Amino acid sequence: MTSHAPGAVPAVAEGRDELADRFASEVVLVTGFPGYRARALVDLLVEREPNAELWLLVPPPEVERSARLLAAKALGRDRLRIIPGEPCAIDLGLARQTYAELTARVDRWFALYQTTSARASRELSYRVNVGSAREVVELSRAADKLSHVAFLSSSIVFGDRGRQAEEERLAVGQTFRTAAAESLAAAESLLTRRLAEAPVSVVRTPPLLGSRRSSDEPPSTGLHRLLAQVMSAPRDVALPLPPGANRAVQALPADFVAQALYAVSELGTRGRAYHFTDPDPPALAEVLEQAAAHFGKRFEHGFDARTLGRILLKSPAFWLSQQTSWALSEWTEATPLSTRSGDRLLERAGLHAPSLLGYLSHVLQETEQLAGAGQLEERLASHPFEVVA
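Sequence positions are assigned chain by chain, starting from 1 and proceeding in written order. Where totals are concerned, whole chains, interfaces and linings use all residues; where local detail is concerned, this predicted model gives features only for residues with pLDDT of at least 70, and gives and counts side-chain atom pairs only at 80 or more. Based on all heavy atoms of the structure, the side-chain values leave hydrogens and waters out of the count.

Peer 1: I'd like to hear about the side chain of glutamine 114, residue by residue, with values.
Peer 2: Secondary structure is summarised from DSSP: a helix means a run of H or I of at least four residues, a strand means a run of E of at least two, and numbering begins at the N terminus for each. Relative to the helices and strands, glutamine 114 resides in the loop between β4 (108-111) and α4 (122-142). Summary of the burial criterion: residues with accessible area below 20% of their type's maximum are buried, those above 50% are exposed, and those between are partly exposed, where the area comes from a 1.4 Å probe applied to protein chains only. What makes glutamine 114 buried here is its relative accessible area of 2%. Side-chain polar atoms of glutamine 114 contact the side chain of arginine 37, separated by 3.3 Å. In this structure glutamine 114 touches Arg37, Val128, Asn129, Phe151, Leu152, Leu184, Val387, Val388 and Ala389, once residues within four positions along its chain are discounted. Any N or O atom pair separated by 3.5 Å or less is treated as a polar contact, with the protein-specific requirement of one donor-capable and one acceptor-capable atom, and with residues adjacent in sequence counted only for side-chain atom pairs. Contact criterion: two residues are considered in contact whenever any of their non-hydrogen atoms come within 4.5 Å of each other.

Spelled out as structure tokens, the structure:
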């Protein structure tokens, strides 16, 4: 696999044409906008599908923000439509006439309205994850033209399995650490049981970062919060590495996942699950060393209790806060994914999954941006879209 320069979007494989203009004259539905994963997908679709109609089902409180984000898009107004609705509500929260229009017109659906948040409540997790999967089935039953639904899932559905997870098997006797993981696995199971009615392909990935393209609204993730710990650490002492620093950091950027979703929608098989992951995931220690070099800090190699004691006196929360513990778990304990079907599909599409170290400088710049804007703290959510990435 090939690494790419920081911030760059990977080129297609030599000798292959990139996927483009495959959905001409189709109506393409996207749920999850204006979450950062759906923003990356819409950017790609606007670029690759100038002759498709993009219908974005957006929760009413997010309509104004969505309109602002879309104002600069090159796609003509007649091909870009915002539909106020709720992707996890009965009939997508739509009036009967609008819902009937979707069932009559929609050809393809990218379903990106899910939560993987470890802090989402059980009620909210099930409402978002199982509710959105239920609506995929219900619209599929009524929509004669709907040919494919690409449903974005996550490696968290394998719970505490630990060992490498195969694409073909979801139920492996796992237990779940979070309600989001349990409910997303339940959502996938619902879709599997209803495949005769819903033309779904499932895409599973490790935790996602934002787009490698510059963004005015980068997402705040647990990895950003880990890197911010390095950024804010004292300069006059070598930093201790956190527990488990030899573990791999599993991550993918949202713009690559948008490319993979697009490829699955065009080349994927109904009922199949596809895994995509970093082909060469770095150890957490490598990531933190690069962060330290970027921020002008340094790490102590080997455990030194006196060094750790000095750090804790200056900054009692360093590596020990609950927020940091969640982030370490999320980004270094993800179940490794077998990518057999995903790799074959990427090969057909002329794509390569990027490795984190190739675009880490962009993530570090985002960390500085988020810290400067005071946007690194996690906030408790009470409404569905607040937990949708």
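Peer 1: Report on the packing of helix α6 (residues 222-232) against helix α8 (residues 284-295), specifying residues and quantitative values.
Peer 2: One can describe the packing of α6 onto α8 by two numbers: an axis separation of 9 Å at closest approach and a directional angle of 40°. Between α6 and α8, the interaxial angle falls into the category oblique. α6 and α8 meet at a crossing whose hand is right-handed. Of the residues in α8, those touching α6 at Leu227, Val230 and Met231 are Val287, Leu288, Ala291, Ala292 and Phe295. When its residues are assigned to classes, the contact of α6 with α8 shows 8 nonpolar, no polar and no charged. Note on geometry: axes are lines fitted to C-alpha atoms, helical ones only across the stretch in contact, with angles between N-to-C directions running from 0 to 180 degrees. Working definition: roughly parallel below 35 degrees, roughly antiparallel above 145 degrees, roughly perpendicular at 65 to 115 degrees, and oblique for all remaining angles. Should the near helix be turned counterclockwise from the far one by less than a right angle, the crossing is left-handed, whereas a clockwise turn marks it as right-handed. Side-chain classes follow a simple rule in which Ala, Val, Leu, Ile, Met, Phe, Trp, Tyr, Cys and Pro form the nonpolar group, Asp, Glu, Lys and Arg form the charged group, and the remainder, Gly included, forms the polar group.

Peer 1: So what's going on with the environment of alanine 293? Which residues, and what values?
Peer 2: Tracing the backbone shows alanine 293 in helix α8. Judged by relative accessible area, which is 62%, alanine 293 ranks as exposed. It is 9.9 Å that separates the C-alpha atoms of alanine 293 and valine 230, two residues lying 63 residues apart in sequence.

Peer 1: Any details on the pattern of salt bridges? Residues and values, ideally.
Peer 2: Throughout this description, the term salt bridge denotes a Lys or Arg side-chain nitrogen within 4 Å of a carboxyl oxygen of Asp or Glu. For the coordinates displayed, the defined rule picks out 20 salt bridges. The partner of arginine 134 in a salt bridge is glutamate 135, and the shortest N-O contact between them spans 2.7 Å. The exposure class assigned to arginine 134 is partly exposed, which follows from its relative accessible area of 29%. Overlapping salt bridges bring together Glu62, Arg65, Arg68 and Glu217 as one network.

Peer 1: Tell me about the nonpolar core, residues and numbers included.
Peer 2: Considering soluble globular proteins, one finds that nonpolar side chains tend to be buried as a cluster. Ranked by internal contacts, the top residues of the largest apolar core, which has 43 residues, are Leu45, Phe110 and Phe276. Listing elements by their share of this core, those giving two or more residues are β1 (27-31), α1 (36-48), β2 (53-58), β5 (148-152), α7 (254-267) and α11 (340-349). A total of 10 residues in this core trace back to one element, the largest contributor, which is α7. What we call a nonpolar core is a set of buried Ala, Val, Leu, Ile, Met, Phe, Trp, Tyr and Cys residues that are connected through their side-chain atoms within 4.5 Å. Counting residues in each nonpolar core, the second largest holds 34 residues, with Leu92, Phe158, Ala185 and Ala273 among its members.

Peer 1: Report on helix α12 (residues 360-372), specifying residues and quantitative values.
Peer 2: Since the α-helix turns once every 3.6 residues, residues separated by three or four places project in the same direction. Helix length check: α12, at 13 residues, gives a terminal C-alpha distance of 18 Å against a target of 18 Å (1.5 Å per residue), a fit within 8%. What α12 keeps buried is the set Leu360, His362, Val363, Leu364, Glu366, Thr367 and Leu370. Tucked inside the fold, the buried residues of α12 contact β7 (208-209), α6 and α8. Note on α12: the residue one or two positions beyond its end, glycine 374, has a positive phi of about 65°. What a helix is expected to span follows from its residue count: subtract one and scale by 1.5 Å.

Peer 1: Can you break down the side chain of threonine 332 residue by residue, with the values?
Peer 2: On the secondary structure map, threonine 332 appears in helix α10 (residues 322-332). On the basis of relative accessibility, which here comes to 7%, the residue threonine 332 falls in the buried class. A distance of 3.3 Å separates polar atoms of two side chains, one belonging to threonine 332 and the other to arginine 247. In this structure the side chain of threonine 332 is engaged in a polar contact, spanning 2.4 Å, whose partner is the backbone oxygen of leucine 328.

Peer 1: Outline the packing of aromatic side chains, supporting the account with residue identities and numerical values.
Peer 2: Between the rings of Phe, Tyr and Trp (Trp by its six-membered ring), a pair exists once the centres lie within 6.5 Å; its type follows the angle of the planes, with under 30 degrees stacked, over 60 edge-to-face, and the other angles tilted. Across all of its chains, the model carries 4 aromatic pairs by this definition. With centroids separated by 6.4 Å and ring planes inclined at 35°, the aromatic side chains of tyrosine 113 and phenylalanine 385 adopt a geometry described as tilted. Residue tyrosine 113 is found in the loop between β4 and α4, and its partner phenylalanine 385 is found in the segment after α12; the two are separated by 272 residues along the sequence. Look at tyrosine 113 and you get buried, because its relative accessible area is 1%. One Lys or Arg, arginine 81, reaches over the ring of tryptophan 55 and ends 4.6 Å from the middle of that ring. Cation over ring: arginine 212 sits above tyrosine 359, and NZ or CZ is 5.8 Å from the ring centre. By definition, being over a ring means that NZ of Lys or CZ of Arg is both within 6 Å of the ring centre and within 35 degrees of the ring normal.

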